[in-house]
Amino acid sequence: MSDAPSKTCETPDQRNPLPKAAQVVIIGGGVIGCSIAYHLSRLGWHDILLFERLRLTHGATWHAAGLVGQLRSSSNLTRLMRYSAELYGELERETGQATGWRRVGSLRLAASAERWLELKRSATMARGFGLGIELVSPQEAATLFPLLDPRGLIGAAWIDSDGYVDPTSLTMALAAGARARGVRIIEKMPVTALLCQGRRVKAVVTAAGTVQTEVVVNATGMWGSEVAALAGERLPVCAVEHQYLVTSKSARVPDGLPTLRDPDARFYVKPEPGALCVGGWESRTVPFGARGIPADFGPELLPPNLDRFAEYGTDAAARIPFLDEAGMRELVNGPIPITADGEPIMGLSPEHDNFYVCCGFTSGIAAAGGAGRMLANWIAEGDPGMDLWPFDVRRFGHPQRVPRFLLERAIESYARYYAIAYPFDEPTSARGARRSPLHELLLTRGAVYGTKFAWERPNHFGSVDATGDPPSWARGPSFAQIGEEHRAVRERVALIDMSSFSKFELAGPGALVLLQRLAGNDLDRPVGSIVYTQLLNQRGGIEADVTITRLAEDRFYFVTGSALGVRDRSVLQRHLPLDRSVEIIDHTSARAVINLCGPRAREVLAALADAPLASDEFPYMTGREIDLGLAPVLALRVTYVGELGWELHVPTEYALWLFETLRSAGEPFGITDVGYRAIQSLRLEKHHLAWGADITPDHNPYEAGLGFCVAADKPGDFLAREALAEVRRRGLAQRLSWFSAPGEIPMYGGEVVWAGGRPLGSARSAGYGYTVGHNLLCAYIAASDLGRDDYEIEVMGERYPLSPQSRPPYDPERERPRA
């Protein structure tokens, strides 16, 4: 790599000194940082400084392979990648700087029956996203990639709009476009400190001076955690080694080859002029810089490791025999950034109000265009323009920041990069540290544990060795057991450990004002009321889906999902009054939660309670402090499963005693332990929604069927009032619609709804309802397509009839929870 300054960059001197202030400072001159600068400048933001510690691309960008694949697990992430591919095809015309973009298409091979099912599922999802994809035979794949040996293949997926790009050229083109609009890009300018005041980063300190700023962006890739630490934050980004081999040039390599991935053999191929680049994802990569990455590292490579390469290189040579004959020009081993789940980190830091992060991109070249655009929108508009929860910085918290957890999970995520994405698959590393007080007891009772936000949670029961079903697209042995747990809730009584709920208390004279501003529903209810509500943004989008209990005039108890605590708390914190009249107290670890539910729940609870439990004395959607035997409990009469029940929020030291005593009291009624897989089935029968799957910031309450949670005329400063009024004036463009489907087909979400020969949308949640005996699913359907009689669902390439549902198929009048 050359150390000469980039043509698009500068170095401060007496004639061109470092400015004292800038509207935006971007730290990091890789492809991500340059893309953010480019897209901000396209939005009309020109007072931007980009600092790069060495030269542009001198982190991980310069040695990236450069593959650009577009299909991802959700519509929004696919849209992000599609935008990248479109931009790379246009950027050279705009900037005059070549990018090396080649739209050659991509092949993804299937050498196993399970992989072929995954490709069929992916093709179904792609059609729902509007991405062109074709399933081809082994012979057709060999025609597209003539060096391929098709023996043993079942088929392949072909996407003709994929391709590859030269990472360095792409970065220089983005930098040129940004600089042409006034962005200053300064190389050899490491940032040494960030000056913070309250929840804002006020200035960026460099060797050449200090720059006051309104916005700071951390786009430093694998240095993300080091730069975050300058602001007092712990960002869960690390680095691992990644290798690829470049063959010697040969006339046997034809021009125009597509990119190729063989996930069963764990390798990928990118064509180069007369050569091939072959890389992969071995099972045990090596961490890099676990004790801190040197600030002056790069552009350097690491010593190659032929043994690790052989883990997939041998299979690559079997699939592409030319590799056995080709000489090796270079074995590249360089560090790449990665996070605990293998996905990047984007968004506004939950700890500061003007510090954005865009780090940890393992596939940064493919994502750079879309990620830069989304983060620019986030800065300029306060919103990325689409829900990006799988990338959002707030999906991580304290558990993922622990170095050992981060490294173990990152190495596993790397190894699973090409693993089949089976439903209900669970990570195996960094397990067992975050347990509820009931963990060991439930383990002895046959609990099979999954994990959520590092919590161990029972998925289901009935195992003699704590192991779950083998990975498969088919329903496993636990399907019948989950049905038994489902029926116990519907017919008798059950106990569910929900201790992993995120739980906060909002206290102070400003608490009600804050909640009335953010919540769609009216929180000004009598003490003891439980309100189901959504927190809404200024556009009316759903930021959170929660229950809030009024404990006193100035105290509210806030309950949300296990993995949503960081996110939901950040929504509250960004609107806290400056007079400090609201305090947020985290009770997540202090209180366990035992859900007692089912038609016999009242009889079980009565054996311990010191308070009346009849509906006229303890109504549905109310909560109160009661004593259950020896345990002080906050009892909330609320349900997600559609039955009579109470959430019992109890200090953790009492949880085991309370559970054992409830279990004993419930024995005459057939009390049963229940896990989270049954909850999914139970809530689908009630059309109850899950944030992140069914509702996101992309959706407003009306189109999600949550209009009953909107108190549009409540007094006070309601943030979403104008946006929701506009929705009512305009009418709904789409609606979350529910359907039933034949019960024998395994469904998991992501399947595509069709009508009139057109894909209408993808299933959000989907699964089997054990009481109703068929599958249930929901999907957003355009208003113009509502009320049809020809709906179908495509599952792995096959279509089946759908029946619309206007009401929940189970207890549509909600009589059972109110009993």
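Further up the page is the structure itself.
In this report, we go over the structure that sits alongside the text. (Residues numbered from 1 in each chain as written. Predicted model: local features only at pLDDT ≥ 70, side-chain atom pairs only at ≥ 80, totals over all residues. Heavy atoms only, no water.)

### So, the nonpolar core
Okay, step 1: I26, I36, L40, V217, M346 and L375 are the most contacted members of the largest nonpolar core, which totals 53 residues.
Okay, step 2: Ranked by residue count, the leading element in this core is helix α9 (residues 364-381), at 10 residues.
Okay, step 3: Ignoring sequence-local partners within four residues, the contact set of L375 consists of I36, V217, M346, G347, Y356, V357 and C358.
Okay, step 4: The next biggest cluster of nonpolar side chains, apart from the first, holds 33 residues, and it includes A447, L608, W646 and A665. (Core = buried A, V, L, I, M, F, W, Y, C linked by side-chain atoms within 4.5 Å. Buried < 20%, exposed > 50% of the residue type's maximum accessible area, 1.4 Å probe, protein only. Helix = DSSP H or I, 4+ residues; strand = E, 2+ residues; numbered from the N terminus. Contact = heavy atoms within 4.5 Å.)

### Looking at helix α3 (residues 113-129)
Okay, step 1: End to end, α3 covers 24 Å across 17 residues, agreeing with the expected 24 Å (1.5 Å per residue, within 8%).
Okay, step 2: For α3, the complete set of buried residues consists of R115, E118, L119, R121, A123, T124, M125, A126 and F129.
Okay, step 3: Directly after α3, the chain includes G130, whose backbone phi takes a positive value near 80 degrees. (Expected span 1.5 Å × (residues − 1).)

### Here we look at the sheet that holds strand β31 (residues 645-651)
Okay, step 1: Strand order in this open sheet of 6 strands is β29-β30-β31-β28-β22-β32, and the pairing throughout is mixed. Edge positions in the sheet fall to β29 (623-628) and β32 (672-673), since each has one partner strand and no second.
Okay, step 2: As paired elements, strand β28 (residues 591-597) and β31 share 7 bridges and run antiparallel to each other. Within β31, the residue paired with L596 across the bridge is W646.
Okay, step 3: Set on the sheet, helix α17 (residues 652-666) makes contact with β22 (494-497), β28, β29, β30 (631-636), β31 and β32; between it and β31 the angle comes to about 140 degrees. (Pairing = 2+ DSSP bridges. Axes fitted to C-alpha atoms, helices over the stretch in contact; angles between N-to-C directions.)

### So, the side chain of E412
Okay, step 1: Mapped onto the elements, E412 comes out in helix α11 (residues 403-415).
Okay, step 2: Using a relative accessible area of 11% as the deciding quantity, one classes E412 as buried.
Okay, step 3: Within the structure, the side chain of E412 is placed 2.8 Å from the backbone nitrogen of T428, a separation counted as a polar contact. (Polar contact = N/O pair within 3.5 Å; in protein donor to acceptor, adjacent residues only side chain to side chain.)

### Overview of the sheet that holds strand β39 (residues 803-805)
Okay, step 1: Read across the sheet, 7 strands follow the order β38-β37-β34-β35-β36-β33-β39 without closing on themselves; strand pairing throughout is antiparallel. Edge positions in the open sheet fall to β38 (798-801) and β39, since each of these has one partner strand only. Across the sheet, the mean angle separating the axes of adjacent strands is 40 degrees when strand polarity is ignored.
Okay, step 2: In this sheet, strand β36 (residues 774-782) lies alongside strand β35 (residues 758-769) in antiparallel orientation, the contact comprising 5 bridges. Pairing of A763 across the sheet is with A779, part of β36.
Okay, step 3: In this fold α3 packs onto β34 (752-755), β35 and β37 (792-795), with an angle of close to 60 degrees to the strand it touches most, β34.

### Brief notes about the packing of aromatic side chains
Each aromatic ring pair is characterised by the separation of its centres together with the angle its planes make.
Okay, step 1: Per the stated rule, a full pass over the model turns up 17 aromatic pairs.
Okay, step 2: With a centroid separation of 5.0 Å and 40 degrees between ring planes, the pair formed by F479 and Y770 is classed as tilted. Note that F479 is positioned in helix α13 (residues 478-491) and Y770 in the loop between β35 and β36, a separation of 291 residues in sequence.
Okay, step 3: By relative accessible area, F479 is classed as partly exposed at 25%.
Okay, step 4: Here the aromatic residues W281, Y414, Y417 and Y418 are joined through ring pairs into a cluster of three or more.
Okay, step 5: Of note, R373 hangs over the ring of Y83, and the distance from its end group to the ring centre comes to 4.4 Å.
Okay, step 6: Positioned above the aromatic ring of F618, the side-chain terminus of R624 is 4.4 Å from the ring centre. (Phe/Tyr/Trp six-rings, centres within 6.5 Å; stacked < 30°, edge-to-face > 60°. Lys NZ or Arg CZ within 6 Å of the ring centre and 35° of its normal.)

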